[in-house]
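Each chain, letter by letter, is given below.
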Amino acid sequence: MKIAMVGLGRMGANMSRRLMRGGHSVIAYDRDARAVSALSTEGAAGAGSLADVVSKLEAPRVVWVMVPAGPATDAVFTELKGLLSPGDIAIDGGNSHFKDDIRRAAMLAEKGIRFVDVGTSGGVWGLERGYCLMIGADDEAFRIVEPVLRTLAPGPSGIAPSEGRTEGASTAEQGYLHCGSVGAGHFVKMIHNGIEYGLMQAYAEGFDIMAGAAAATPGLGYRYDINLADVAEVWRRGSVVTSWLLDLTAAALAKNASLSEFSGVVEDSGEGRWTVETAVEQAVPAEVLTASLYARFRSRKDHTFAEKILSAMRRGFGGHVEPGSGAKAADQKKPAAKE
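**Q** For this particular structure, what's the right way to read the side chain of Asn193?
**A** For Asn193, the position within the fold is in helix 8 (residues 184–212). A polar contact of 2.8 Å, which involves the side chain of Asn193, links it to the side chain of His192. Not counting chain neighbours up to four residues away, the residues in contact with Asn193 comprise Ser269 and Glu271.

Dropping the structure here:
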């Protein structure tokens, strides 16, 4: 089928390539004309504006938007509302908040334009591996865009259905799933990313503890110089913690065991925060996911004021002195109290 891709960053461009490899016709548009030109050399039909995009499509038009979440996405869908016709379909495949999907769908529905949200996982590897897709839409809109979803998805990938499942029971086995009405796709993707934060933090903390064993103080009774790259590699084989995230960790450690090219400052893309906010709304305890989000906040500072408060309290009640401060305990006549 013919589809337009608006936003040709790493994800949008590679999704366009996978679609073209699958026999679809792609109308490519990006504010950066160089990105459009590059994809045009690979078979896409370039467009110079959103109006040009719409003019190159036939009804029912399908426009897939892959731009940063927030104002940029709002601007694109607002402009598309004035360009598309009743029955056309606008897809948000970026990382938007599911509540924004509901709002944008209502805005487009005023003109009879249908809205589909697609939570997209796969990153820069998606071109070859395929993209795990979580979709929110009405049944008819889903049916219309399903050929595109099927091409973008990874397919079975050699993975048999889980024990107890009836083969072919749903499209989940093909790597894409109609999760529910508008917003459901991004809702499920939001939780996916929240879980991702927790998994990543667990790996990070585990490897940090193993790295610390090399500098353990004599009083602990042990000191181990553990080859972290080898540990990551052996865990990839038969271990219950095997995962793609572990694969990526193993590859990074194999290249540079000290990871010296990284500063340790970890950003968050939004979904982790939204997951925690949603947990609060539902009064669902989410200790691990919340802690993993806060760990990312903590990574951006050397020492916080909160930690100074902790040090002040510890000195106040027990005479504890910060390591390396050169200060003396509050009362040298008394040993520091235990916490």
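**Q** Would you take a moment to explain the packing of helix 8 against helix 12 (residues 287–298) for this structure?
**A** Relative orientation of the contacting elements helix 8 and helix 12 amounts to 70°, with a least axis distance of 8 Å. By the angle between their axes, helix 8 is roughly perpendicular relative to helix 12. Across from Gly194, Ile195, Tyr197, Gly198, Met200 and Gln201 in helix 8, the residues of helix 12 making contact are Val288, Leu289, Ser292, Leu293, Ala295 and Arg296. Taken together, the residues that form the contact of helix 8 with helix 12 break down as seven nonpolar, four polar and one charged.

**Q** Which parts of the structure should I look at to understand helix 9 (residues 228–235)?
**A** Note: α-helices contain 3.6 residues per turn, so residues at a spacing of three or four share the same orientation. Buried within helix 9 we find Leu228, Ala229, Val231 and Ala232. For helix 9, the angular spread of the buried residues around the axis is 160°, confining them to a single face. Of the surrounding secondary structure, the elements contacted by the buried residues of helix 9 are helix 8 and helix 10 (244–255). Between a side-chain oxygen at the N-terminus of helix 9 and the backbone nitrogen of Ala229 the separation is 3.2 Å; the capping residue is Asn227.

**Q** Just to check I follow, could you spell out the packing of helix 11 (residues 271–282) against helix 12 for this structure?
**A** Between helix 11 and helix 12, the shortest axis-to-axis distance is 10 Å and the interhelical angle comes to 140°. Taken together, the axes of helix 11 and helix 12 lie oblique to each other. Viewed along their axes, helix 11 and helix 12 form a crossing whose handedness is left-handed. Where helix 11 approaches helix 12, its residues Gly272, Arg273, Thr275 and Val276 are matched on the opposing element by Leu289, Thr290, Leu293 and Phe297. Its residues assigned to classes, the contact of helix 11 with helix 12 shows four nonpolar, three polar and one charged.

**Q** For this particular structure, what's the right way to read the packing of aromatic side chains?
**A** Two aromatic rings are characterised by how far apart their centres lie and by the angle between their planes. Taken as a whole and judged by the stated rule, the model has seven aromatic pairs. Seen from their ring centres, Phe98 and Phe187 are 4.9 Å apart, and the 85° between their planes marks the pair as edge-to-face. Here Phe187 lies in helix 8 and Phe98 lies in helix 5 (residues 98–109), a separation of 89 residues in the sequence. The exposure class assigned to Phe98 is buried, which follows from its relative accessible area of 12%. The class of Phe187 is partly exposed, set by a relative accessible area of 28%. The positively charged end of Arg129 is found above the aromatic ring belonging to Trp244, 4.2 Å away from the centroid. For the cation-ring pair, Arg296 lies above Tyr197, with the distance from its terminal atom to the ring centre recorded as 3.6 Å.

**Q** Please explain unusual backbone geometry as it appears in this structure.
**A** Glycine aside, negative phi is the norm for most residues, and most peptide bonds take the trans geometry. Cis peptide bonds are those with omega within 30 degrees of zero, and the linkage from Ala59 to Pro60 qualifies with -5°. Inspection of the secondary structure assignment puts Pro60 in the loop between helix 3 (50–55) and strand 4 (62–65). Positive phi, close to 55°, is recorded for Ser157, a residue that is not glycine. Relative to the helices and strands, Ser157 resides in the loop between helix 7 (139–152) and strand 8 (176–180). A relative accessible area of 47% places Ser157 in the partly exposed class. The phi angle at Ala283 is positive, at roughly 55°, despite the residue not being glycine.

**Q** Would you take a moment to explain the pairing of strand 7 (residues 132–136) for this structure?
**A** For a regular strand, side-chain orientation follows a simple rule: the groups alternate between the two sheet faces. By the criterion of burial, strand 7 is predominantly enclosed, with four of the five residues buried. In the sheet, strand 7 pairs with strand 8 via four bridges, with the strands oriented parallel. By the bridge assignment for strand 8, Met134 is matched with Leu177.

**Q** Please explain the pairing of strand 5 (residues 89–92) as it appears in this structure.
**A** Here strand 5 shows a buried face lined by Ile89 and Ile91 and a second buried face lined by Ala90 and Asp92. Relative to strand 5, strand 4 is paired through four bridges, and the arrangement is parallel. The residue bridging Val63 from the neighbouring strand is Ala90, located in strand 5. The parallel pair strand 4 and strand 5 is bridged by helix 4 (residues 71–83), and the resulting crossover is right-handed. With four bridges joining them, strand 5 and strand 6 (residues 114–121) adopt parallel strand pairing. Looking at the pairing, Ile91 lines up with Val116 of strand 6. A crossover links strand 5 with its parallel partner strand 6, the connecting element being helix 5, and its sense is right-handed.

Basis of the calculations
- Residues numbered from 1 in each chain as written.
- Predicted model: local features only at pLDDT ≥ 70, side-chain atom pairs only at ≥ 80, totals over all residues.
- Heavy atoms only, no water.
- Helix = DSSP H or I, 4+ residues; strand = E, 2+ residues; numbered from the N terminus.
- Polar contact = N/O pair within 3.5 Å; in protein donor to acceptor, adjacent residues only side chain to side chain.
- Contact = heavy atoms within 4.5 Å.
- Axes fitted to C-alpha atoms, helices over the stretch in contact; angles between N-to-C directions.
- Parallel < 35°, antiparallel > 145°, perpendicular 65-115°, else oblique.
- Nonpolar A, V, L, I, M, F, W, Y, C, P; charged D, E, K, R; others polar.
- Buried < 20%, exposed > 50% of the residue type's maximum accessible area, 1.4 Å probe, protein only.
- Arc of directions from axis to C-beta.
- Left-handed = near helix turned anticlockwise from the far one by under 90°.
- Phe/Tyr/Trp six-rings, centres within 6.5 Å; stacked < 30°, edge-to-face > 60°.
- Lys NZ or Arg CZ within 6 Å of the ring centre and 35° of its normal.
- Pairing = 2+ DSSP bridges.
- Right-handed = clockwise from strand over helix to strand, strands pointing away.

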